[in-house]
Amino acid sequence: MAVDEGVAPAADMADGETVHRLKPNAVGLLGVVFMAVATAAPITAMTGNVPFMVSSGNGIGAPASYLVAMVVLAIFSVGFTSMAKHITSTGAFYGFISYGLGRTAGLASGLLATFAYVVFEPALIGIFSTFATTTLRDQTGVHLPWWAFALLMLAINATGTWFGISVAEKLLVALLATEVTVLAAMAVSVALHGGGPHGFTLAPVNPVNAFKGTSAGLGLFFAFWSWVGFESTAMYGEESRDPKKIIPKATMISVLGVGVFYVLVSWMAITGNGEAEAVKAASSANPLALFFDPTERYVGHWAVDVMQWLMITGSLACGMAFHNCAARYLYALGREGVLPSLKSTIGRTHARHGSPHIAGLVQTVVSAVLIGAFWIAGKDPYNALYVLLAILGTMAILIVQAVCSFAVLVYFRRHHPESRHWFRTFTAPLIGGIAMLGVVVLLVSNMGVAAGAESGSLLLKATPWLVALVAATGVGCAQYLKRRAPERYALLGRTVLEETKER
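Quantities reported herein were computed from a predicted structural model and do not represent experimental measurements.

Asker: How should the nonpolar core be read in this particular structure?
Answerer: Generally speaking, nonpolar side chains in soluble globular proteins are found buried as a group. Among the nonpolar cores identified, the biggest contains 146 residues, and Tyr66, Phe93, Leu183, Trp227, Tyr262, Phe291 and Ile391 are the most heavily contacted of them. Contact partners of Tyr66, with chain neighbours within four places excluded, come to Ala45, Met46, Asn49, Val50, Met53, Ala223, Ser226, Trp227, Tyr262, Val263 and Ser266. Formed by 5 residues, the second largest nonpolar core is a distinct cluster that contains Ala327, Leu330, Ile346 and Ala359.

Asker: Looking at this structure, how should I read empty space enclosed by the protein?
Answerer: Any space left empty among the atoms is revealed by the rolling of a water-sized probe across them. In the structure shown here, the tally under the stated rule is 3 cavities of 30 Å³ or more. Roughly 160 Å³ of volume is contained in the largest cavity.

Asker: How should I be thinking about the packing of helix α2 (residues 42-56) against helix α8 (residues 216-225) in this particular structure?
Answerer: The packing of two helices is summarised by the inter-axis angle and the distance between the axes. Look at α2 against α8: their axes get within 9 Å of each other, and the N-to-C directions meet at 170 degrees. In this view, α2 runs roughly antiparallel relative to α8, as classed from their interaxial angle. Together, Asn49, Phe52, Met53 and Ser56 of α2 and Leu218, Gly219, Phe222 and Ala223 of α8 make up the contact between the two elements. Split into classes, the residues belonging to the contact of α2 with α8 amount to 5 nonpolar, 3 polar and no charged.

Asker: For this particular structure, what's the right way to read the pattern of salt bridges?
Answerer: Working definition: two side chains of opposite charge can pair if their charged atoms are close together. For the structure on display, the rule yields 2 salt bridges. Here Glu454 makes a salt bridge to Lys379, at a shortest N to O gap of 3.4 Å. Here Glu454 is found in the loop between α15 (423-451) and α16 (458-484), whereas its partner Lys379 is found in the loop between α13 (357-376) and α14 (381-414), with 75 residues between them in sequence.

Asker: How should helix α11 (residues 289-298) be read in this particular structure?
Answerer: Side chains of residues three or four places apart in an α-helix project in the same direction, reflecting 3.6 residues per turn. Most of α11 is tucked away: 7 of the 10 residues are buried. Ala289, Leu290, Phe291, Phe292, Pro294, Thr295 and Tyr298 are the residues of α11 that are buried. Where α11 ends, the next residue or the one after it, Gly300, has phi of about 140 degrees, a positive value.

Calculation notes
- Counting from 1, residues in each chain are numbered in the order their sequence is written.
- For a predicted model such as this one, the threshold for reporting local features is a pLDDT of at least 70, and the threshold for listing and counting side-chain atom pairs is 80 or more; totals across whole chains, interfaces and linings nevertheless cover every residue.
- Each side-chain value is worked out from all heavy atoms of the structure, with water and hydrogens disregarded.
- What we call a nonpolar core is a set of buried Ala, Val, Leu, Ile, Met, Phe, Trp, Tyr and Cys residues that are connected through their side-chain atoms within 4.5 Å.
- Only protein chains enter the area calculation, which uses a 1.4 Å probe; residues under 20% of their type maximum are buried, those over 50% are exposed, and those in between are partly exposed.
- Residue contacts are counted whenever heavy atoms from the two residues lie within 4.5 Å of one another.
- Every definition here rests on a 1 Å grid over the protein atoms only: cavities are sets of points where a 1.4 Å probe fits but cannot get out, pockets are open sets enclosed by protein on both sides within 12 Å along at least five of seven lines, and lining residues have some atom within 4 Å of a point.
- Grid points are joined across faces, edges and corners, and a volume is the space filled by probe spheres set on the points.
- A fitted line through C-alpha atoms serves as each axis, taken over the contacting stretch for helices, and the angle formed by two N-to-C directions is quoted from 0 to 180°.
- Put simply, DSSP H or I for four residues or longer makes a helix, DSSP E for two residues or longer makes a strand, and each gets a number counted from the N terminus.
- Here the word oblique covers every angle except those under 35 degrees (roughly parallel), over 145 (roughly antiparallel) and from 65 to 115 (roughly perpendicular).
- Each residue receives one of three labels: charged for Asp, Glu, Lys and Arg, nonpolar for Ala, Val, Leu, Ile, Met, Phe, Trp, Tyr, Cys and Pro, and polar for the others, Gly being one of them.
- The salt bridge definition used is simple: a Lys or Arg side-chain nitrogen within 4 Å of an Asp or Glu carboxyl oxygen.

Structure below.
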């Protein structure tokens, strides 16, 4: 049976099988925005990335690098959201690329995206465990092993996914509101006090300074890294109300809202210290002083204590969001029967909660195994577990984002010529795709520096090869299905429910 790469099969399964689906109308615009913003983890992005960008990247130009990244990602999102208006699927990139570049490219990209989100959760568990052990020790004198907090976060993430998106949404709203508030308090306080010891300075937001410093490439990479996961809005389309309107809006709100926040907070942190003092603080034995010092000076010591606890809850929120993303990608691959046995396992949803509960449990087990492997190897939860897995996942997801941009170009030319637009469906995705490939180059060229103490790690050296292996597995599997099981190949990236068909 020959299969046309561009034609979606009928809405119903040929064999009459029941197709499990996620709970519809479970989340609104704000819920989708919160889920996407949670994957960016503002307080983790700020306190974890900005000090490193200032000390080893583009120096005081760190806020400008966030400005550049925001513009690039906004351009990328124009094409991404144009496609989201036609295709609503929990597989997001998997479905988009399948319709644009064909099922083979779709499955390869779907496996890469799944792989990225699968490793992101244990990465965030690593930084969560570090924040938790350090804060508890410093503020209470209680010493607990990091793996105890890792087990706690695994349990929380698994529970949230089991009971459905609405439960996870409520938890994330509470966690995000508090972390955003304390960062905003610092930024607003610095602004109300007329800037730092030397007043206001516009140098940190001058786009030219994004390309200066010790390593401009490293600074720009960390800026883009801070947004990873914003595109997860698309995978909540099946569970949202009026996805054709909500998903595009949520994506742009996430990109622009997070971007303005990142620029403001990092700018005020540098201004609150003073330019030279900011570089000195970021390069000190305690780089978090870049944020703690102006917070204590302009808000109060209590805010520093609160910020330390919110770094814990912020990384928890981020890990929970990634867990939900990974579960939904696994579910999307499962329900289409890439392997027949997956339909009745990870392709099932909970009868009551409409959640991808089995996929969520599988993700929990995989995360536990990875965390256990790092623990047995005696690796540090931050320097190894967080950094190495974050770099691995980021490389995979950036490649998928670039491929998705090119998929938009082809999709509208082949399937919706009446909707083609010189900017939305051609110029924007072309620029976005090229820019994303540029960020991948930045990552590859700066991997060793970004990995810090783990620059000689075998996993770091194997990262490009692991990403290539996952993509090759997808290509090989798709070609096997095309020859041996064309009816299953025909379903790749094509969800079978009317609500999620191409529009």
